[in-house]
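# Topology and contacts: notes
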Protein chains: 2
Amino acid sequence: MSQAQPGTPYEHTCMIRGDGGRTIRAVLDRICDKWTLLIVATLDEQRMRFGELHQHIPGISQRMLTLTLRNLTRDGLVSRTAFAEVPPRVEYALTPLGKSLIPPALALAGWAMENNARIMESRAAHDTADGRPSPPAE
Amino acid sequence: MSQAQPGTPYEHTCMIRGDGGRTIRAVLDRICDKWTLLIVATLDEQRMRFGELHQHIPGISQRMLTLTLRNLTRDGLVSRTAFAEVPPRVEYALTPLGKSLIPPALALAGWAMENNARIMESRAAHDTADGRPSPPAE
DNA sequence: CAGCATCCTGAAAGATACTG
DNA sequence: CAGTATCTTTCAGGATGCTG
């Protein structure tokens, strides 16, 4: 997708709107569930086995850990290595593809850190601005 | 959050895992719904009124446009200007805060463009790898 | 024109219990 | 240890019709 003229201020925004948003939605669908990014970030620090992940990620259920890992593996972001031992041992690690997701994810996280306060302010102001308490739409 | 030692390879990843993922989830919750990023990207190109947005964003319903815009406005990412005319006219535009979301969003979109093919490959390989057809987990 | 009010559905995800 | 198997709740989001 390089149909944007250089010099156009929005040469990049089209990357988002591009095909009606299908591409950006593809990523979002992949990383926006409740646990994926957390798992990826955790595995970025070191390869881990199932139980370790379960401990390192507070609040996740076995079920969701299983499901998310399976999808991540399927998409090639995470590698799964099962050792033929007893008791069983399975190790998960980020693949290069998985690691490549870290920088953009950090960009987002950085934005979150910097601007969350502002957003909460705006929200509070908007809500308390006399009138009714208008909690999140929908 | 600058509790990471410089030199640590993961000084940044902690930004994601940081507080148990609460911060990153805050952004995700904000931008990961089906329409937010699309609207933001569209408004980045030019301020628009309700109807225009509705046309520019294929597939969105009035309801979702209204709701998403309301949340965006509430969070201070989008400004809403109603003109006291008849027929009514309302214009939406990105605030500076809203504009600041564009770069990180682009980082993600870029990643999507670059790696989507690889992911689909991996997925296809994983699925057709003899055995059963294992569509997305869950 | 720019919305609001309702009804309805599928998919995400939590809780809980069981197994190779 | 590393998962499966069910059951249940929640709720984002679609469809449709009405209004200031």
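Residues numbered from 1 in each chain as written. Chains lettered and ligands numbered in written order. Predicted model: local features only at pLDDT ≥ 70, side-chain atom pairs only at ≥ 80, totals over all residues. Heavy atoms only, no water.

By the naming in an unreviewed UniProt entry, chain A is Helix-turn-helix transcriptional regulator, taken from Streptomyces mesophilus.

### Here's the deal with the overall build of chain A
Using the following cut-off: Each helix is a run of H or I in the DSSP string that is no shorter than four residues. Each strand is a run of E no shorter than two, and both are numbered from the N terminus. Relative accessibility under 20% of the residue-type maximum defines a buried residue, over 50% an exposed one, and the middle range a partly exposed one, all with a 1.4 Å probe and only protein chains included. Contact between two residues is taken to exist if any of their heavy atoms lie within 4.5 Å; hydrogens are not considered.
Each helix and strand in chain A was counted, giving seven helices and three strands. For chain A, the succession of helices and strands along the chain, N to C, is α-α-α-β-α-α-β-β-α-α. When each of the 138 residues of chain A is scored for burial, the buried share is 45%. In chain A, the share of contacts with a sequence separation of at least 24, taken over all contacts with a separation of at least 6, comes to 38%.

### Some points on the sheet that holds strand β3 (residues 89-94) of chain A
Residue and element names in this part refer to chain A. Where we set the bar: Two strands qualify as a pair provided DSSP detects at least 2 bridges between them. The axes are straight lines fitted to the C-alpha atoms, using for helices just the contacting stretch, and the angles between their N-to-C directions are given from 0 to 180°.
Ordered by their spatial adjacency, three strands build an open sheet running β1-β3-β2, and the pairing between neighbours is antiparallel. Lying at the two open borders of the sheet, with one neighbouring strand each, are β1 (48-49) and β2 (78-83). As paired elements, β2 and β3 share six bridges and run antiparallel to each other. Paired with Val-78 across the strands is Leu-94, a residue of β3. The sheet contacts of helix α3 (residues 36-45) involve β1, β2 and β3, and relative to β3 the element is tilted by about 95°.

### Description of the UniProt feature "domain: HTH hxlR-type" (unreviewed entry) in chain A
Short version of the rule: UniProt positions are given in the numbering used here, feature names are shortened, and annotations may be inferred rather than shown by experiment.
When the UniProt feature table is mapped onto this chain numbering, "domain: HTH hxlR-type" (unreviewed entry) sits at residues 14-120 of chain A. Taken end to end, residues 14-120 of chain A comprises 64% helix and 13% strand; its first and last C-alpha atoms sit 29 Å apart.

### Here we look at unusual backbone geometry
The omega torsion of the bond from Val-86 of chain A to Pro-87 of chain A falls at 5°, within 30 degrees of zero and hence cis. Inspection of the secondary structure assignment puts Pro-87 of chain A in the loop between β2 and β3.

### Concerning the interface of chain A and chain B
To keep things clear, this is the line we draw: Buried area: the accessible surface (1.4 Å probe) lost by two parts on joining, summed over both. Salt bridge, as used here, is a side-chain nitrogen of Lys or Arg placed within 4 Å of a carboxyl oxygen of Asp or Glu. The term polar contact refers here to a pair of N or O atoms within 3.5 Å; inside protein, the definition further demands a hydrogen-donor-capable atom paired with an acceptor-capable atom, and it admits residues adjacent in sequence only when both atoms are side-chain atoms. Basically, the charged four are Asp, Glu, Lys and Arg, the nonpolar ten are Ala, Val, Leu, Ile, Met, Phe, Trp, Tyr, Cys and Pro, and anything else, Gly included, counts as polar.
Counting from both sides, the interface comprises 63 residues of chain A and, opposite them, 64 residues of chain B. Summed over both sides, the interface between chain A and chain B buries roughly 6,200 Å², with carbon and sulfur atoms accounting for 67% of that surface. Counting the surface chain A buries against chain B, the share from its top three residues, Arg-17, Arg-74 and Trp-111 of chain A, is 14%. Of the charged contacts in the structure, one is a salt bridge between Glu-45 of chain B and Arg-17 of chain A, with a shortest N-O distance of 3.3 Å. The interface formed by chain A and chain B holds 24 residue pairs in polar contact (both at pLDDT 80 or more) in total. Counting only elements with at least two residues in the side of chain A that touches chain B, the list comes to α1 (13-17), α2 (22-31), α3, α5 (62-74), α6 (96-100) and α7 (102-128) of chain A. Here the element with the most residues in the side of chain A that touches chain B is α7 of chain A; it accounts for 18 residues. Of the residues that constitute the side of chain A that touches chain B, the class distribution is 31 nonpolar, 17 polar and 15 charged.

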